Amino acid sequence: MEKFTGKVWVLGDDIDTDIIIPTEYLALPTVEDMKQYGFSPLRPELASQIKEGDIIVAGKNFGCGSSREQAPEIIKALNVKCVIAKSFARIFFRNSINNGLLLIENDQIQEKVKEGDTLDVTLGESVVYDGREYPIQPLPQNLMDIIEAGGLVEAMKKRNGVK
């Protein structure tokens, strides 16, 4: 199983897609242009502080709101390794998988971890924080294949031998 370590950014419950990327920035030409505005209604500085491999830890119902596909695209463009939340909005979950963004459900770590802390993740097994192991459920292999390929389009290209 893949293992990785990342710095934690803590967000709360009900982080909706309008917080992840506000509507007024959807008219920008590319996700690269939009990503600097990620999470700006909540924390205007956050997008510029996130570094490659960082981990977002959030509460329940992460990604609620509209079905805008740009929300997981923005998080992925910020090079976030994964989002760990108590629960995810269903359409956000599917959009994230289709865009190659790893999501992990765990309802125990949020009350323990603090922003700036480091988590060790072993995919399909556990999240380790401060010497304590928090079990996580593995995603089905077909979803992991999509994530590992970088999203659904890339997974289908690979599956069908298209370059």
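Residues numbered from 1 in each chain as written. Predicted model: local features only at pLDDT ≥ 70, side-chain atom pairs only at ≥ 80, totals over all residues. Heavy atoms only, no water.

A. Focus on the packing of aromatic side chains. Applying the stated criterion across every chain, the model contains 5 aromatic pairs. Here Phe62 and Phe92 contribute two aromatic rings whose centre-to-centre distance is 5.4 Å and whose plane-to-plane angle is 75 degrees, an arrangement assigned as edge-to-face. Within this pair, whereas Phe62 is found in the loop between strand S2 (55-58) and helix H4 (70-77), its partner Phe92 is found in helix H5 (residues 90-98), the two being separated by 30 residues in sequence. The exposure classification of Phe62 matches that of Phe92, with both residues buried. Taking the centre distance of 6.3 Å and the plane angle of 55 degrees together, the rings of Phe88 and Phe93 count as tilted. Overall, the relative accessible area of 10% leaves Phe88 in the buried class. Owing to a relative accessible area of 21%, Phe93 belongs among the partly exposed residues under this scheme. Through successive ring pairs, a cluster of aromatic residues spans Phe62, Phe88, Phe92 and Phe93. The ring of Phe4 carries the charged tip of Lys81 above its face, separated from the ring centre by 5.0 Å. (Phe/Tyr/Trp six-rings, centres within 6.5 Å; stacked < 30°, edge-to-face > 60°. Helix = DSSP H or I, 4+ residues; strand = E, 2+ residues; numbered from the N terminus. Buried < 20%, exposed > 50% of the residue type's maximum accessible area, 1.4 Å probe, protein only. Lys NZ or Arg CZ within 6 Å of the ring centre and 35° of its normal.)

B. Representation of the sheet that holds S2 within the structure. Ordered by their spatial adjacency, 7 strands build an open sheet running S4-S3-S2-S1-S5-S6-S7, and the pairing between neighbours is mixed. Looking at which strands have only one partner, the edges of the open sheet turn out to be strand S4 (102-105) and strand S7 (132-135). Within the sheet, the average angular offset between the axes of one strand and its neighbour, ignoring direction, is 30 degrees. Sheet topology note: the strand S6 (residues 126-129)/S7 ladder contains 4 bridges and is antiparallel. (Pairing = 2+ DSSP bridges. Axes fitted to C-alpha atoms, helices over the stretch in contact; angles between N-to-C directions.)

C. Quick peek at unusual backbone geometry. Residues other than glycine seldom take positive phi values, yet Asp14 does so here, at roughly 55 degrees. Of note, Asp14 is situated in the loop between strand S1 (3-10) and helix H1 (17-20). Exposure remark for Asp14: the relative accessible area of 33% places this residue in the partly exposed category. The phi dihedral of Asn79 falls on the positive side, at around 65 degrees, and the residue is not glycine. Along the chain, Asn79 turns up in the loop between H4 and strand S3 (82-85).

D. Region of interest: the side chain of Ser126. Relative to the elements of secondary structure, Ser126 occurs in strand S6. Here Ser126 falls in the buried class, since its relative accessible area comes to 3%. Separated by 2.9 Å, the side chains of Ser126 and Glu133 make a polar contact. Ignoring sequence-local partners within four residues, the contact set of Ser126 consists of Asp120, Val121, Glu133, Tyr134, Pro135 and Ile136. (Polar contact = N/O pair within 3.5 Å; in protein donor to acceptor, adjacent residues only side chain to side chain. Contact = heavy atoms within 4.5 Å.)

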